Every structure is written in structure tokens, then in C-alpha cells.
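# Examination of the molecular architecture
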Amino acid sequence: MQEIVSPTNTKLSQFRSGLKPTSILFSKETLEEANQLLEKRDFPTTREESWKYTRLTKLANTTFSGSVSSNNFDIPFVHADSYRFIFTNGQLTEFNDGVNARSVKDVRENNLNNISLKNHFFEAINLAFAEDGLFIEIEANQKLEKPIEIVHVSNGNKITNLRHVFRVGRHAKAEITMTYVSSDESNGFLNVVSNIALEDGAYLTINKLQTESGTDFHFSREAVKQEKNSNFTLNTLTFNGNFVRNDVNVFVNGQNAETNLNGAYLVKNNQLVDNHTIVDHLVANCQSNELYKGVLYGKSTAVFNGKVFVRPDAQKINAFQSNGNVLLSDDASVNSKPELEIYADDVKCSHGSTTGQLDENAVFYLRARGLSEKSAKELLVSAFISDVLNKIENEEVLNFTHSYLNKEFGWNI
Amino acid sequence: MIKIKNLHANIEGKEILRGLNLEVKAGEVHAIMGPNGAGKSTLASILAGREEYEITDGSIDFDGKDLMELSTEDRAREGLFLAFQYPVEIPGVSNVNFLRTALNEIREYKGQEPISAKDFMTMVREKSAIVELDSKLASRAVNEGFSGGEKKRNEIFQMAMLEPKLAILDETDSGLDIDALRIVANGVNKLKSPNNATIVITHYQRLLDYIVPDFVHVLYNGQIVKTGSKELALELEEKGYDWIKDELAV
């Protein structure tokens, strides 16, 4: 439900004031729609279904000065050899011409390939204020030899909206690693939307690595459209971040397509990680697999909402969805809601959600063999998460994960 | 090796051990037998450090150290090993991985260098042969999908890897067929040395055909009420426990 509020003097109008309208050539209607939505409402509240467990009060009450820090910090790169792009506080600071890429500002309207989500609040913000983004096209039959690595660096108190467009042509194959990092003192707002299209037989893997260490508000969304015989995998790894909201919308529009969504999150202190996913099976004979697992420390919160739609006549769909959580503290909380909406009758779908503590008998067993309580718990927790990590094929992504978990959580896996 | 004196223990206010005394010296094998509910498994759990039991009186000296002052892991590092009656299944944690961690934490405790990967794998091969444990099982997730016999063999494999001073086998024979029983018992016998000791907790005499005890104790009502040689086990097998209860009543 959406509240009608007076257009002036809302928290949102304060948030928007001073932001420059986008110069990206979205269609006039799209922009109008977005701006109209923002004119007549305020920030979402927990009365709205998709924000039921994630409060935006703190964001609404934050004033962003727009300042950015000039202090440099070491950017952790995942790949030794990649087509590398870096956005620093929204500015494209490193470009690579090894792939067919350009700034999204240089793309004409009809190529923006917009997957429009009406009434989606942060989509509207993104459309209205997107500063920049990458337009990357993998041509038909092209197989990228190296991964594309897009690093998003936040380092200040600034509002940044970025919009990427990735198009993977017929029978083309690519892997994109998107990392999000921030300096410890960063406390800005980042909202990144990626519009992704896979044509017939296209194959795309996205590794999304979130390790922002500041107190930023992070919003990101992958909107994906898959044509027939395509294969899309998204690995979302969230290992740090004060406030992280991930939205994934996959529209499976062609038969014999495969969709894999894997997510692992480790949440600590007062952090919040919210994963909202939608897989929409519009046609028959497709397969989707979704596995999200999280470990919660301290007073942290995790939200998982996974929705699978199987539309009428989308027969012979195999859709699996599972979310598991381990709470390592009495003060941590999880809100998990797996949902299936099936309008076809010949499908195989399952979903499940588990939330619990570590098996005390297993902890004791390991301690009785000489492991400290800490190592025992670590071993069990890493075994729990390894279900997800085992699905990641890229060795460098795995190595990065292992060394990050070793450095930040003391894990030895 | 271990001296248990006047041990009293409760769980949830219920007294299970009522003044238990037991001394085991290096090189010895002791069998503890007794009817259900006598406190056999409680004793094993307390020795391993289960926290749900409350010790109300008594002392346990383990090789000069006060066992009660040691955490579960430190007991293991000091050389105490419990072969569980019900080994826990731990999905996702590989047997060898966890054993390497265990071994290295024990070595670190003793101020030794970590074991090299090569030496470790050699050790895995040698020790898994002792209990005829398929090396594939050794690298699978801990006890996951193992048969009852495989789980017990895995316990003895772990014991072989960790080379404890004192091993407590809690109903290791339960649920084993005769072949598995022989393999497990052979494993235990091969690991026996003048420097270590074994406490075998069992219901049945048949395990003691293979692991020959120096002493047999009868645990009843929370106390050791009778101690004898291996012949006592045969007598118990034949006559049951009632005659001991009668003896006590007199």
C-alpha cells in the first residue's frame, strides 16, 4: 500500500533536494513515471509488504552532505587478470577498452533495454538520479576469455545512483564480478541497478561481492531477462555492510532456460542484510535453483524473501528454493519468507526455510577431539555456508572469499 | 593414569553417581559393566566434560591434573579420548579436515609444530588400515550416512589418529555385528601400549572376548560394587546382575 503525502516537506523531498536529474537518455515516459512516483510519496515504511522487516527510518533521517573523502584505501581486487572498471563515488575512474563497453550516458534511448518495474521505489530513485553506469555488450558467439570486474568504491557521505546495462548476445558467454567496497569512514548512499539481458543460448555468471566496511546504505538490484536456452547464475556474497538490500528480479522469457541464484551472507554487529528475489517463470520447460544461506552474529538482522512465480501455461517448470540461517547469538534475528505462486499444473517446485542454532552435540563432539569451542563452531558454520560456496566455479572468487573470511572472521576454510 | 575418588554427580537434581571410586594405571584395560541406568554412560560423559552434569562431591585426578578444572578440549589435548556411544553426524565437515585441525590444536597445546600435509596423509593411511576403514570414508563428512559399524570404526580411527593416553569406549560394541566387533576390538588391541590405558564400558561380555580386561568392575546404583578379573564378566553373562543385587542386599 502506498501512502499519498504532500509533495513538499517529506523526508524524501529533503533527500532529493540537491540531487541532479539524470542525464541518461531514458525514455521520457519512463522518467516521467519515476518522477511522478517520487513526487507523490515518501520513503517506504514497514506497512509495505516488501519493506515489512527492513526499516528505512534511519535512512530517511540521514542528511547526506555530498562530500567525498580523498583518502585512498587499498581496493581488494578479485581477479589477477580481468577487464577492470572502477567507479569511485559514482565516477568512472578506470575504464577498459578490452570489451565492448561505454558509459551508459553515451547510449541511445532504444538501446537502454529497460526492464521497467513500476512502483518500485528505489528503481524510481535510480532512474531519476542515475549519474552514470556501464553499457556492456557481449556480441553473439563471443566467449570472453577473462572476467569483467566492476568495482564500486564508496568513500564519503554522498548519494550515488548508478545504472548498468549488460547484454549478452546469442550463444555468447561472459562472467562479471561486481564488487562493492567502502572505506571504514564511508557513510553514504549507493543504489546500483543492473539491467541484464541474455539472448538465446547466452551464458552469464555474475559474482556479486559485498564487503563495504563503512556505515553506508547499500541498495542494489539485478533485473534480468532470459531468452530461450540461456543460463544465468548470480552468486551474491555479502560479508560486510551496515545496511544492505539486494533485489533480484529474473524474468524467464524463453524455454529451456536455467537460472541459478546462490547467496551467502555473514552478518555481524548491528548490520542488516536483506535479500529479496523474484524468479518469474513466464514460459514452460525451465529450471531455477535458489540457495541462500546466512550466518548471524551479534545483534544483526537478516531478511530473506524469495518469490517464485510460475505463470499459466508455464508447464514442466522445476523450481527449487531454499533459505537457511544459523544464529550465533541470542540477539540476532532472521525474517525468512519463501513464497511460491503457481498458476500451472504440471510443475515441480519446492521451497523451504530453516533457522536455528548450531548443533550443540556436534560442537561437543568436535571439542572432545581437541578443537577449541571457537574452532568447532567455525568449522560447523563454514560447513553450513560451504553448500553455497561449493556452487561457485570461479577459483579466484573462491580464493577471495576464503582469504576475506580468514582475515575478517578468522575462519580457516 | 586416572584416579576417581568418591564421585557424586547429578543431572537435573537427580543423583546418578553416588560415591564412585576407580583407579586405572598405565598399561591396564578396565571393563565397566552394569545394568541399564547404573550410571555407566554418565561416567563417560562426565569424564569427557559434558556440562549438563553437576559434580557435587569427589575428585578426578588425570595424570596429576585435576580433570574437573579442564575444559572438554583441554582434556582431549591432555590425552583423554571418548569413543561415543552415538557418534554425531556432521554434514559438510570432512573427517580428515577436522582431524587435522584437532591434531594441530593438540600439538599447539603441547608446544609442537603443526603436522605437515604429507605426514598427515601418511598417518591417515596407516591408521585407517588399523580399523579397515575405507580411505574414502576417512575423507567423507564426519559420520554422515555411515552405517552403525562404520561409525564405530570411525571412532577407533580417530582414536588411532589422536593417540590418547586414556581411551574410554562407551558401548562401542552396541549395534555391531560380529565382524565389525572383531575389527573394532582388533583396532583397540593394536593401539594398546604400556603407556596408555583403556576403559571399556559395555553391557555385554562378548566384546571382552576380544578386548581382554585386566579388571572388571560392576557399576550399580552409581557406585562400583564389585571388582574382579575377566572371569567376573563371564559370571555376569551367565547369571545376570541379580545375584550382585542380592549380595548387596545381604
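Note that the structure is predicted; figures quoted are calculated from it, not measured.

Each side of the interface is counted separately: chain A has 18 residues, and chain B has 20 residues. Put simply, the parts of the chain that give the side of chain A that touches chain B at least two residues each are α5 (360-367) and α6 (373-389) of chain A. Residues of the side of chain A that touches chain B, tallied by class, amount to 10 nonpolar, 5 polar and 3 charged.

All names here are of chain A. Across the sheet, 10 strands lie side by side as β2-β1-β5-β7-β9-β11-β13-β15-β17-β19; this open sheet has mixed pairing. The sheet is open, and its two edges are formed by β2 (91-94) and β19 (348-356), each paired on a single side. In this sheet, neighbouring strand axes are inclined to one another by 10° on average, regardless of whether the strands run parallel or antiparallel. As defined by bridge partners, strand β13 (residues 258-267) adjoins strand β15 (residues 287-296) across 10 bridges and the pair is classed as parallel. Its bridge partner being in β15, N260 is matched across the sheet by N289.

A separate point is the environment of A76 of chain B. Summarising the element assignment, A76 of chain B is placed in helix α2 (residues 72-78). Along the sequence, A76 of chain B and L207 of chain B sit 131 residues apart, while their C-alpha atoms lie 25 Å from each other. In this view, A76 of chain B contacts A368, R369 and G370 of chain A together with F81 and I106 of chain B; residues no more than four positions away in its chain are not counted.

We now examine the sheet that holds strand β2 (residues 14-24) of chain B. Across the sheet, 4 strands lie side by side as β2-β1-β4-β5 (chain B); this open sheet has antiparallel pairing. In this open sheet, the two strands that pair with only one neighbour each are β2 and β5 (65-66) of chain B.

The next thing to look at is the domain arrangement of chain A. Residues and elements named next belong to chain A. The assigned domain composition of chain A is domain 1 (11-254) and domain 2 (360-413). Computed from C-alpha coordinates alone, the two centres of domain 1 and domain 2 are separated by 30 Å. Between domain 1 and domain 2, the residue contacts involve 12 residues of the former and 9 residues of the latter. At the level of secondary structure, the elements contributing two or more residues to the side of domain 1 that touches domain 2 comprise β7 (173-182), β9 (203-211) and β11 (231-240). Among the elements that take part in the side of domain 1 that touches domain 2, β11 stands out by supplying 4 residues, more than any other. Of the residues belonging to the side of domain 1 that touches domain 2, the class tally is 5 nonpolar, 6 polar and 1 charged.

For α6 of chain A, spanning 17 residues, the distance from its first C-alpha to its last is 23 Å, which sits close to the expected 24 Å at 1.5 Å a residue. Along α6 of chain A, the sharpest kink reaches roughly 25°, centred on A383 of chain A. Of the surrounding secondary structure, the elements contacted by the buried residues of α6 of chain A are β13, β15, β17 (318-327) and α5 of chain A together with β7 (90-94) and α3 (95-109) of chain B.

Turning our eyes to something else, we now look at helix α4 (residues 117-130) of chain B. What sets the pattern is the α-helix's 3.6 residues per turn: residues three or four places apart point alike. Residues and elements named next belong to chain B. Taking 1.5 Å of rise per residue, 14 residues should cover 20 Å, and α4 covers 20 Å from first to last C-alpha, within 8% of that figure. Regarding α4, the residues found buried are V124, K127, S128 and I130. For α4, the angular spread of the buried residues around the axis is 130°, confining them to a single face. Along α4, exposed side chains directed more than 90 degrees from the buried face belong to K118, D119, T122, R125 and E126. Where α4 is buried, its residues contact α3, α5 (135-139), α6 (148-162) and α7 (178-191). Of the residues one or two after α4, E132 is the one with positive phi, at around 50°.

This part is about the nonpolar core. In this structure, L380 of chain A together with F81, L82, A83, L166 and I168 of chain B are the most contacted members of the largest nonpolar core, which totals 181 residues. Residue contributions to this core peak at 8 residues, all from α6 of chain A. Each of domain 1 (11-254) and domain 2 (360-413) of chain A contributes no fewer than three residues to this core. In this structure, L380 of chain A is in contact with L358, A362 and V363 of chain A together with I90 and V93 of chain B, ignoring residues within four places of it in sequence.

This part takes up the pairing of β17 of chain A. Pairing of β15 of chain A with β17 of chain A involves 10 bridges; the strand directions are parallel. In the strand pairing of β17 of chain A, L296 of chain A is matched with L327 of chain A.

Now for the environment of D184 of chain A. Examined against the element boundaries, D184 of chain A turns out to sit in the loop between β7 and β8 (189-198). If near-sequence neighbours (up to four positions away) are discounted, D184 of chain A is found in contact with S213 and G214 of chain A.

A pair of packed helices is captured by two measures, namely the crossing angle of their axes and the spacing between those axes. All names here are of chain A. Between α5 and α6, the shortest axis-to-axis distance is 9 Å and the interhelical angle comes to 125°. Considered as vectors, α5 and α6 are oriented oblique to each other. Relative to α6, the crossing made by α5 is right-handed. Each of A362, V363, L366 and R367 in α5 lies in contact with α6, whose residues at this interface are E373, A376, K377, L379 and L380. Considered class by class, the residues forming the contact of α5 with α6 number 6 nonpolar, no polar and 3 charged.

Basis of the calculations
- Numbering of residues begins from 1 in every chain and follows the order in which that chain's sequence is written.
- The lettering of chains begins at A and the numbering of ligands begins at 1, in the order of writing.
- Local features in a predicted model are, by the rule used here, given only for residues with pLDDT of at least 70; side-chain atom pairs are given and counted only at 80 or more, and totals for whole chains, interfaces and linings are based on all residues.
- Here contacts are defined at the residue level, using C-beta atoms placed from the backbone and a cut-off of 7 Å between them.
- Strands are runs of DSSP state E lasting at least 2 residues, helices are runs of H or I lasting at least 4, and numbering of each runs from the N terminus.
- Ten residues, namely Ala, Val, Leu, Ile, Met, Phe, Trp, Tyr, Cys and Pro, are considered nonpolar, four, namely Asp, Glu, Lys and Arg, are considered charged, and the remaining ones, Gly among them, are considered polar.
- Two strands form a pair only when DSSP identifies at least two bridges running between them.
- In this analysis an axis means a line fitted to C-alpha atoms, helices contributing only their contacting stretch, and an angle means the value between N-to-C directions, from 0 to 180 degrees.
- Domain limits in this description derive from either an automatic procedure or a database domain assignment.
- Given the number of residues in a helix, its expected span is that number minus one, multiplied by 1.5 Å.
- Fitting axes to the seven residues ending at a residue and to the seven starting there, one defines the bend at that residue as the angle between these axes.
- Residues with at least 20 other C-beta atoms within 10 Å of their own are called buried, those with 12 or fewer are called exposed, and the rest are partly exposed. The C-beta atoms themselves are positioned from the backbone.
- Directions from the helix axis toward the C-beta atoms define the arc.
- The nonpolar core is taken to be a set of buried Ala, Val, Leu, Ile, Met, Phe, Trp, Tyr and Cys residues joined by way of C-beta atoms within 7 Å.
- For this classification, under 35 degrees means roughly parallel, over 145 means roughly antiparallel, 65 to 115 means roughly perpendicular, and everything else is oblique.
- Left-handed describes a crossing whose near helix is turned anticlockwise from the far helix through less than a right angle; right-handed describes the clockwise counterpart.

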